[in-house]
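The residues making up each chain are set out below.
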Amino acid sequence: ASLSASMLLLDVTDENAGDILADKLKELGGADVLVHNAGITRDKTLARMRPDQWALTLHVNLQAIDDITSTLLKRKVVNRDARIVCLSSIGGIAGNMGQTNYAASKAGVIGWVEHRADTLAPLGITVNAVAPGFIETRMTAAMPVAIREVARRMNNLSQGGRPDDIAQAITFLANPRSFGVTGATLRVCGGSLVGR
């Protein structure tokens, strides 16, 4: 089967982001699947973190999810029986040194998912989160070798995950047949020892 796609570049922190996306979705017949995967890090210890680093991380990783989803629901462009999937992190479950803002935002995503699952159930809409552990990406490739090796070995598989592992988890939660799963956070971390 072939797919067609269109692209919409959007700053999720723009106060009009939800309306811009809603206009586009209205043209396309609404959204059956909504994946919130925008995210940033602004790592510093709490004592060294500037207020703007705290605020921007919380805005992109958490507030934008609520703002955009609320607008899309208000504008009625999220279809009945839709699937909403948000990216959290093992950091949101267990925290991480120098990532208080990131951990707070990703823990907030987990709480947001649990709350929204209850409120959207009458519409048949499921809301879930995926919490990746250490995933081999360009970003993690830039980490010092020793830290990378420790991260790889901190799970039952003794290796880092792949981006495809996360994509497969999102695909499952986005599937119409995943109706029995809502309000959940699916850890994709190789059985990480962190946060247990």
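Residues numbered from 1 in each chain as written. Predicted model: local features only at pLDDT ≥ 70, side-chain atom pairs only at ≥ 80, totals over all residues. Heavy atoms only, no water.

Asks: Help me understand the packing of helix α2 (residues 51-74) against helix α4 (residues 100-120), please; the structure alone is not making it clear to me.
Replies: Where α2 meets α4, the closest approach of the two axes is 8 Å, and the angle between their N-to-C directions is 15°. When the axis of α2 is compared with that of α4, the two are roughly parallel. The way α2 lies across α4 gives a crossing that is right-handed. Every residue of α4 that contacts α2 at Q53, W54, T57, L58, N61, L62, I65, D66, T69, S70 and L73 is listed here: T100, N101, Y102, A104, S105, K106, G108, V109, W112, R116 and L120. Across the contact of α2 with α4, the residue classes tally to 10 nonpolar, 9 polar and 3 charged. (Axes fitted to C-alpha atoms, helices over the stretch in contact; angles between N-to-C directions. Helix = DSSP H or I, 4+ residues; strand = E, 2+ residues; numbered from the N terminus. Parallel < 35°, antiparallel > 145°, perpendicular 65-115°, else oblique. Left-handed = near helix turned anticlockwise from the far one by under 90°. Contact = heavy atoms within 4.5 Å. Nonpolar A, V, L, I, M, F, W, Y, C, P; charged D, E, K, R; others polar.)

Asks: Before we go on, may I ask you to explain helix α7 (residues 163-174) in this structure?
Replies: Note: α-helices contain 3.6 residues per turn, so residues at a spacing of three or four share the same orientation. Taking 1.5 Å as the rise per residue, α7 with 12 residues should run 16 Å; its terminal C-alpha atoms sit 17 Å apart, in good agreement. Residues of α7 that are buried make contact with β1 (31-36), β2 (78-87), β3 (126-132) and β4 (185-188). (Expected span 1.5 Å × (residues − 1).)

Asks: What exactly am I supposed to notice about the nonpolar core here?
Replies: Soluble globular proteins tend to bury their nonpolar side chains together. Ranked by internal contacts, the top residues of the largest apolar core, which has 25 residues, are L72, I125 and V127. Taken together, the elements giving at least two residues each to this core come down to α1 (17-28), β1, α2, β2, α4 and β3. Looking at which element gives the most residues to this core, the answer is α2, with 6 residues. Setting aside chain neighbours within four positions, we find V127 in contact with I84, W112, V113, R116, A117, L120, T182, G183 and A184. In terms of nonpolar packing, the next biggest core, distinct from the first, is built from 9 residues, L87, I135, I170 and V188 among them. (Core = buried A, V, L, I, M, F, W, Y, C linked by side-chain atoms within 4.5 Å. Buried < 20%, exposed > 50% of the residue type's maximum accessible area, 1.4 Å probe, protein only.)

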